[in-house]
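One letter stands for each residue in the lines below.
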Amino acid sequence: MRRACIDIGSNTTRLLVADCDARGLVECGQERAFTLIGRSLDADGAIPAAKVAEVFGVVVAQYAIARGLGAQQIRCVATAAVRRASNSGALARLISRACDGLELEILSPAQEARLAFIGAAWAQQAEDGDRLAVVDAGGGSCELVAGNAPSEVSWWVSLPLGSGDVIERWLGADPPGARELGYAGQRTREVFARVKPPPGIRRVIAVGGSATSVRAVAGPVLDVDGIDRLLEIVARVGSAELAGQFGIDQQRAALLGGGLLILRAVCELFTVSIEIGRGGLREGLLLEHQ
């Protein structure tokens, strides 16, 4: 069956359309828009009216694309930024009225972690029973989850810190400079210091927008030394030049420092190198509902 998922994240709103069967997924189409909800919340925790209208327009357009590609089932989910927002109901009502009653499902951190695990384990071709951890490094939160492939989750934690948060709180300059990056790294490590991961994890897979950008820059495997070399570049090269140098969107290049600092903290937490994976929440959602 052809299914689709619209995922409203803290940095991007994404569409995945895929044919789904017992063997997995075959992608039919993807779309992405940088909507940056996480950085738009006002002092009362509300999404400003202009941003609601922008995201609503993106969802309507992606819904039409999914229908045009023949999706028989479409789900629309939202994560940290909408979860935090005090007026998420307004966005949900607009989407429902314009998209044939489509429900906006606001995922809990536990749901987000589980779906990321399922999607990453499938995309990285983990064998049934393989023990692994997945980090979903998003724009507004970071989910850490461990278990046995393909879907047996035994441990998870959600941290209220994503790449967009790191940039907004501690990395205001472009480029940020070594001193500012050092301070942001210290603050990021403080957030992760409260986490006690389960023993015996020898494989860690990173997914999410931040991980995708890092893969384009650094390849499929990353360790602390590799991250530090990339951070040296980020410290002195602006986002426009980074985007041109590595062939990524400038919006994503502007978030690269925040994503790298989160992944560095994950490397230290598990004391292993990280696989920069494909797949994640959207794939997990489509796989789980076959």
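For the structure itself, consult the block above.
Residues numbered from 1 in each chain as written. Predicted model: local features only at pLDDT ≥ 70, side-chain atom pairs only at ≥ 80, totals over all residues. Heavy atoms only, no water.

1. Overview of empty space enclosed by the protein
Any empty space left between atoms is shown by rolling a water-sized probe over those atoms. Using the criterion set out here, one finds one cavity of 30 Å³ or more in the structure. Lining the largest cavity, in full, are Arg3, Ala4, Gln73, Arg75, Leu285, Leu286 and His289. Split into classes, the residues belonging to the lining of the largest cavity amount to three nonpolar, two polar and two charged. (1 Å grid on protein atoms, 1.4 Å probe; cavity = no way out; pocket = protein on both sides within 12 Å on 5 of 7 lines; lining within 4 Å. Points joined across faces, edges and corners; volume = space filled by probe spheres on them. Nonpolar A, V, L, I, M, F, W, Y, C, P; charged D, E, K, R; others polar.)

2. Brief notes about the side chain of Arg252
Within the secondary structure layout, Arg252 lies in helix α10 (residues 250-254). The side chain of Arg252 is buried and forms no salt bridge, while Asp249, the nearest opposite charge, is found at 6.3 Å. Among all residues touching Arg252, those that are not within four sequence positions of it are Asn11, Thr12, Arg14, Phe34, Gly209, Ser210 and Ser213. (Helix = DSSP H or I, 4+ residues; strand = E, 2+ residues; numbered from the N terminus. Buried < 20%, exposed > 50% of the residue type's maximum accessible area, 1.4 Å probe, protein only. Lys, Arg positive; Asp, Glu negative; His and termini not counted. Salt bridge = Lys/Arg side-chain N within 4 Å of Asp/Glu carboxyl O. Contact = heavy atoms within 4.5 Å.)

3. Looking at helix α5 (residues 163-170)
Among the eight residues of α5, six are classified as buried, and the element is accordingly described as predominantly covered. Taken residue by residue, α5 has Ser163, Gly164, Asp165, Val166, Ile167 and Trp170 as its buried positions.

4. Quick notes on the sheet that holds strand β2 (residues 12-21)
Taking strand neighbours across the sheet as the criterion, the five strands line up as β3-β2-β1-β4-β5 in an open arrangement whose pairing is mixed. The sheet terminates laterally at β3 (24-34) and β5 (104-106), the two strands that pair on one side only. Between one strand and the next, the sheet's axes are offset by a mean angle of 25°, whatever the strand orientation. Contacts from helix α1 (residues 49-68) reach β1 (2-8), β2, β3 and β4 (73-78) within the one sheet, and its direction differs from that of β2 by about 20°. Packed on one face of the sheet, helix α12 (residues 281-288) meets β1, β2, β3 and β4 and runs near 140° to β1. (Pairing = 2+ DSSP bridges. Axes fitted to C-alpha atoms, helices over the stretch in contact; angles between N-to-C directions.)

5. A short note on the nonpolar core
In this structure, Leu144, Phe192, Val204, Leu260, Leu263 and Phe270 are the most contacted members of the largest nonpolar core, which totals 50 residues. For this core, the element with the highest residue contribution is helix α11 (residues 256-270), accounting for 10 residues. Apart from residues lying up to four places away in sequence, Leu263 is in contact with Val135, Ala137, Ala206, Val214, Ile227, Ile274 and Ile276. Membership of the second largest hydrophobic core comes to 24 residues, among which are Ile6, Tyr63, Ala78 and Cys99. (Core = buried A, V, L, I, M, F, W, Y, C linked by side-chain atoms within 4.5 Å.)

6. Overview of the environment of Tyr63
As for its placement among the helices and strands, Tyr63 is situated in helix α1. For Tyr63, a relative accessible area of 7% puts it in the buried group. When the C-alpha atoms of Tyr63 and Pro176 are compared, they prove to be 38 Å apart, with 113 residues separating the residues in sequence. The contacts of Tyr63, once residues within four sequence positions are left out, are Ile6, Ile74, Cys99, Asp100 and Leu102.

Geometry only, nothing functional implied.
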